Amino acid sequence: MANKRRPSVEQFRRFVQNHPKLRTEVRQGKYTWQALFEEWYLLGEGNEQWEKYQEGNNVKKEASNDEKSDLMGNLLNVFKGMDITQIQKYISNANQALGAIQGVISSFQGEQSKSEEPKRENARPNPFQFRKD
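Residues numbered from 1 in each chain as written. Predicted model: local features only at pLDDT ≥ 70, side-chain atom pairs only at ≥ 80, totals over all residues. Heavy atoms only, no water.

Peer 1: How should I be thinking about the overall build of the protein in this particular structure?
Peer 2: Each helix and strand in the protein was counted, giving 5 helices and 0 strands. Every one of the 133 residues in the protein was classed for burial, and the buried ones make up 12%. Counting contacts in the protein only where the partners sit at least 6 residues apart, residues at least 24 apart contribute 51% of the total. Only carbon and sulfur atoms are counted for the fraction: they give 53% of the accessible area of the protein, which is about 11,900 Å². (Helix = DSSP H or I, 4+ residues; strand = E, 2+ residues; numbered from the N terminus. Buried < 20%, exposed > 50% of the residue type's maximum accessible area, 1.4 Å probe, protein only. Contact = heavy atoms within 4.5 Å. Areas by Shrake-Rupley, 256 points an atom, 1.4 Å probe, with all protein chains shown as cover.)

Dropping the structure here:
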């Protein structure tokens with residue numbers, strides 16, 4: 001009797017065996033076998049739509065969700081173990097170091113600007129200079 005079926009029907013049966021979650025979709029009434037067959041026939045087996053119905057993908061998604069929850073748990077534990085006073089000390093030390101670096105940079109820039117300032121004053125007289133008669 002299997003020989004009388006069309007080859008596409010046999011291919012669809014193998015496809016459903018590889019995607020067992022399609023059976024639960026039909027049992028829940030979300031799809032009919034006819035509708036699934038038509039979509040499969042039009043879209044083909046390689047379409048992204050079918051990936052969510054494979055058995056192995058659910059395990060991968062659950063594993064990635066577990067990894068994410070483990071990461072979040074680890075981060076929360078790290079934040080719980082932090083001492084706020086130490087963090088404030090580190091921030092203040094970093095702020096002082098940045099201030100010192102800015103001071104050094106401004107001192108180098110200050111020497112350059114001092115040598116340039118007299119040239120600017122001589123080159124441009126002040127237009128708002130008032131004199132008594």
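There is more to say, and it comes next.
Peer 1: Even after reading the chapter, I still don't get the packing of aromatic side chains, so can you show me in this structure?
Peer 2: Each aromatic ring pair is specified by the distance between its two centres and by the angle formed by the two planes. With the rule as written, the count across this model stands at 9 aromatic pairs. Look at Phe 12 and Trp 33: their rings are 6.4 Å apart centre to centre, the planes differ by 85°, and that puts the pair in the edge-to-face class. With Phe 12 in helix α1 (residues 7-18) and Trp 33 in helix α3 (residues 33-43), this pair connects stretches of sequence that are 21 residues apart. With a centroid separation of 6.3 Å and an interplanar angle of 45°, the aromatic rings of Trp 50 and Tyr 53 are classed as tilted. Through successive ring pairs, a cluster of aromatic residues spans Phe 12, Phe 15, Trp 33, Phe 37, Trp 40, Tyr 41, Trp 50 and Tyr 53. (Phe/Tyr/Trp six-rings, centres within 6.5 Å; stacked < 30°, edge-to-face > 60°.)

Peer 1: What am I meant to see in the nonpolar core here?
Peer 2: Inside soluble globular proteins, nonpolar side chains tend to come together where they are buried. Of all hydrophobic cores here, the largest spans 10 residues; its members are Phe 12, Phe 15, Val 16, Leu 22, Val 26, Leu 36, Phe 37, Trp 40, Trp 50 and Tyr 53. At the level of elements, α1, α2 (21-27) and α3 are the ones that each hand at least two residues to this core. Apart from residues lying up to four places away in sequence, Phe 15 is in contact with Leu 22, Trp 40, Glu 45 and Trp 50. (Core = buried A, V, L, I, M, F, W, Y, C linked by side-chain atoms within 4.5 Å.)

Peer 1: What should I look at first to understand the side chain of Ser 8 in this one?
Peer 2: Residue position: Ser 8 is located in helix α1. Residue Ser 8 is classed as buried on the basis of its relative accessible area of 14%.

Peer 1: Could you clarify how one ought to interpret α1 in this entry?
Peer 2: A rise of 1.5 Å per residue sets the reference length of α1, with its 12 residues, at 16 Å; its end C-alpha atoms lie 17 Å apart and thus fit the reference within 8%. Every buried residue of α1 is listed here: Ser 8, Phe 12, Phe 15 and Val 16. Taken around the axis of α1, the buried residues stretch over an arc of 100°, which confines them to a single face. Within α1, the exposed residues directed more than 90 degrees away from the buried face are Pro 7, Gln 17 and Asn 18. Here the buried face of α1 lies against α2 and α3. (Expected span 1.5 Å × (residues − 1). Arc of directions from axis to C-beta.)

Peer 1: In this structure, what is going on with a nonpolar patch on the surface? I would like to understand it.
Peer 2: Together, Leu 71, Met 72, Leu 75, Val 78, Phe 79 and Met 82 give the surface a local cluster of nonpolar side chains, amounting to about 580 Å² of exposed area. Within the secondary structure, Val 78 sits in helix α4 (residues 55-80). Among the residues examined, Val 78 registers a relative accessible area of 47% and is labelled partly exposed. (Patch = residues over 30% accessible without salt bridge, like charges linked within 9 Å, V, L, I, M, F, W, Y side chains within 5 Å. Salt bridge = Lys/Arg side-chain N within 4 Å of Asp/Glu carboxyl O.)

Peer 1: Is there a simple way to explain α3 in this structure?
Peer 2: Because the α-helix completes a turn every 3.6 residues, residues three or four places apart line up on one side. Taken together, the buried positions of α3 are occupied by Leu 36, Phe 37 and Trp 40. Along the axis of α3, the buried residues cluster in a sector spanning 100°; they form a single face. Buried residues in α3 make contact with α1 and α2. Looking one or two places after α3, you find Gly 44, whose phi comes out positive at around 90°.

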